[in-house]
Amino acid sequence: MTAISRETFDQVMVPNYAPAAIIPVRGEGVHLWDEQGNEYLDLAAGIAVNAVGHCHPKVVAALDHQASQLWHLSNAYTNKPILALAEKLVNATFAEKVFFANSGGEANEAAFKLARKHAHNHFGAEKNEIIAFVNGFHGRTLFTVSVGGQPKYTEGYEPLPGGITHIEFNNIEQLEDAISERTCAVVLEPIQGEGGILPANADFLTKARELCDRFNAALVFDEVQTGMGRTGDLYAYMGYGVIPDILTTAKALGGGFPMGAMLTTDHFAQSMGIGSHGSTYGGNALAGAVGNAVIDIINTEDVLQGVKQKGILMRDLLQTINDKYQVFDEIRGKGLMIGCGVVEKFQGKAKAFVGAGLQHGIMVLVAGPSTVRLVPSLLITEEEIHEAMARFERAVAQVVKESQ
Ligand SMILES: *Cc1c(COP(=O)(O)O)cnc(C)c1O
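Rules used throughout
Residues numbered from 1 in each chain as written. Predicted model: local features only at pLDDT ≥ 70, side-chain atom pairs only at ≥ 80, totals over all residues. Heavy atoms only, no water. Near = heavy atom within 4 Å. Polar contact = N/O pair within 3.5 Å; in protein donor to acceptor, adjacent residues only side chain to side chain. Areas by Shrake-Rupley, 256 points an atom, 1.4 Å probe, with all protein chains shown as cover. Helix = DSSP H or I, 4+ residues; strand = E, 2+ residues; numbered from the N terminus. Nonpolar A, V, L, I, M, F, W, Y, C, P; charged D, E, K, R; others polar. Buried < 20%, exposed > 50% of the residue type's maximum accessible area, 1.4 Å probe, protein only. Arc of directions from axis to C-beta. Contact = heavy atoms within 4.5 Å. Phe/Tyr/Trp six-rings, centres within 6.5 Å; stacked < 30°, edge-to-face > 60°. Pairing = 2+ DSSP bridges. Patch = residues over 30% accessible without salt bridge, like charges linked within 9 Å, V, L, I, M, F, W, Y side chains within 5 Å. Salt bridge = Lys/Arg side-chain N within 4 Å of Asp/Glu carboxyl O.

1. Describing the site of the ligand
Lining the immediate environment of the ligand, one finds Ser103, Gly104, Gly105, Asn108, Phe137, His138, Gly139, Glu189, Asp222, Val224, Gln225 and Lys251. Interatomic distance of 2.7 Å between a side-chain N/O atom of Asp222 and a nitrogen atom of the ligand. Between an oxygen atom of the ligand and a side-chain N or O atom of Lys251, the distance comes to 2.6 Å. Within the complex, the protein chains bury 81% of what would otherwise be the 380 Å² of accessible surface of the ligand. Element by element, the count of residues in the shell around the ligand is highest for helix 5 (residues 104–123), at 3 residues. In terms of residue class, the shell around the ligand is built from 2 nonpolar, 7 polar and 3 charged.

Dropping the structure here:
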């Protein structure tokens, strides 16, 4: 047996990822430590997943407790933790029914299948077209990657599922032209995440709602990244005041435990009758216990209000850094979902900021080739934000210096 190291990855793992040189071994709140004991402030949060930080004591306690009670039954039996979570989600949102899955992609797979099935049941097989958007991202299964609007993720996987049309995000005219009686669903992220932190315009969402009503199409919001408090509302649709028919949620929902959910109305849920869809693990007791702990922490006035305030603070500090170094042409997003679009000089090179960040003890992400993304724990303190931005400034200074 040789020692496990980063080199082991290259020896035994499928090469679809390119993980960093360091291996984090412990986390607490927004802090991470690697094998050598180096400390990092984590503003990547497992790609907007660790919304209550690493190893939150209440979540650890919930998982520990459930681990000695009951893990898994399959859906031949239901379990109390998942029913409690479903009830909380129903009480907190427009939804009346919940389907649980293990990831965002799976939640979306369920959503797209439901939209198809519903249209099929009520209007016939001809009504099967899904309208989706360029730069959208909905997961990596063949169906979800096909609904996503980033060709680089479907290349080589053809033939792809049919009946999917892509149009420009935030373009009302194109949506008006594309939608018809054949449309079964309009699928979008209220803020495109992987595509570059690109918020929908309020009037675009209002129009999408109106058109879906007129053409009997389901309005599907993929809130896998925007959901569970990320924008300062429990779900982003609440901030926009536009209610979807189907909503998907994952990432922060499990706070690091793999889970996802599809929320919908009674009316739509009826179309997913017994046997029409399923999952072996979806909604198991461990996931339920963790999800309950996470939503109890996040869905409070204090935390959600805090997300809005801390988002403003972080953007102000980013603006101050940018006034000095002029590396970003736009700082956008909502709450603690922040994207910094890089200036011409750094187009396609947002990754440079991620690498430099690591050297200065700060973890950030990219969202596409030209946007630096910051999506920290919703519980990050103002003091931690100040420290994180001080480190980020040193990283920016290094990138600027190295580019000269
Ligand atoms: C991350 C993400 C997904 C995919 O979630 P997985 O858990 O990786 O399957 C889907 N939609 C959006 C908007 C996402 O950000």
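2. Notes on helix 3 (residues 57–67)
Among all positions of helix 3, only Val59, Ala62 and Gln66 are buried. Taken around the axis of helix 3, the buried residues stretch over an arc of 60°, which confines them to a single face. Across helix 3 from its buried face, at more than 90 degrees, point the exposed residues Pro57 and Asp64. For helix 3, the secondary structure elements touched by its buried residues are helix 4 (80–92) and helix 11 (285–298).

3. Re the side chain of Thr265
With respect to the secondary-structure elements, Thr265 resides in the loop between strand 12 (260–264) and helix 10 (266–269). Reaching out from Thr265, the side chain makes a polar contact with the backbone nitrogen of Phe268 at a distance of 3.2 Å. Leave out the neighbours within four places in its chain, and Thr265 touches Phe94, Glu96, Lys97 and Asp245.

4. Structural notes on the packing of aromatic side chains
A full pass over the atoms with the stated rule returns 9 aromatic pairs. Ring centres of Phe94 and Tyr237 lie 5.5 Å apart, and the angle between their planes is 90°; on these two criteria the pair is classed as edge-to-face. Placement of the pair is Phe94 in the loop between helix 4 and strand 4 (97–101) and Tyr237 in helix 9 (residues 236–240), with a sequence separation of 143 residues. Accessibility expressed as a relative area gives 15% for Phe94, which makes it buried.

5. Some points on the sheet that holds strand 14 (residues 337–342)
The sheet built from 4 strands is open, its strands ordered 13-14-17-16 with antiparallel pairing. At either end of the open sheet lies a strand with only one pairing partner, and these are strand 13 (328–334) and strand 16 (365–366). Here strand 14 pairs with strand 17 (residues 371–374) via 4 bridges, running antiparallel. The partner of Cys340 across the bridge, within strand 17, is Val372.

6. Quick notes on a nonpolar patch on the surface
A cluster of nonpolar side chains, namely Leu70, Leu73 and Tyr77, defines an oily patch on the protein surface of about 280 Å² accessible area. Structurally, Leu73 can be placed in the loop between helix 3 and helix 4.

7. What to know about the environment of Gly333
Relative to the helices and strands, Gly333 is located in strand 13. Along the primary structure Gly333 and Gly193 are separated by 140 residues, whereas in three dimensions their C-alpha atoms are 9.3 Å apart. Once residues lying within four places of it in the same chain are set aside, the contact partners of Gly333 are Ile197, Pro199 and Arg315.

8. Focus: the pattern of salt bridges
For the structure on display, the rule yields 15 salt bridges. The closest approach of N and O atoms between Arg26 and Glu28, which form a salt bridge, is 3.6 Å. In the salt-bridge network here, residues are joined through shared partners; they are Glu39, Glu387 and Arg391.

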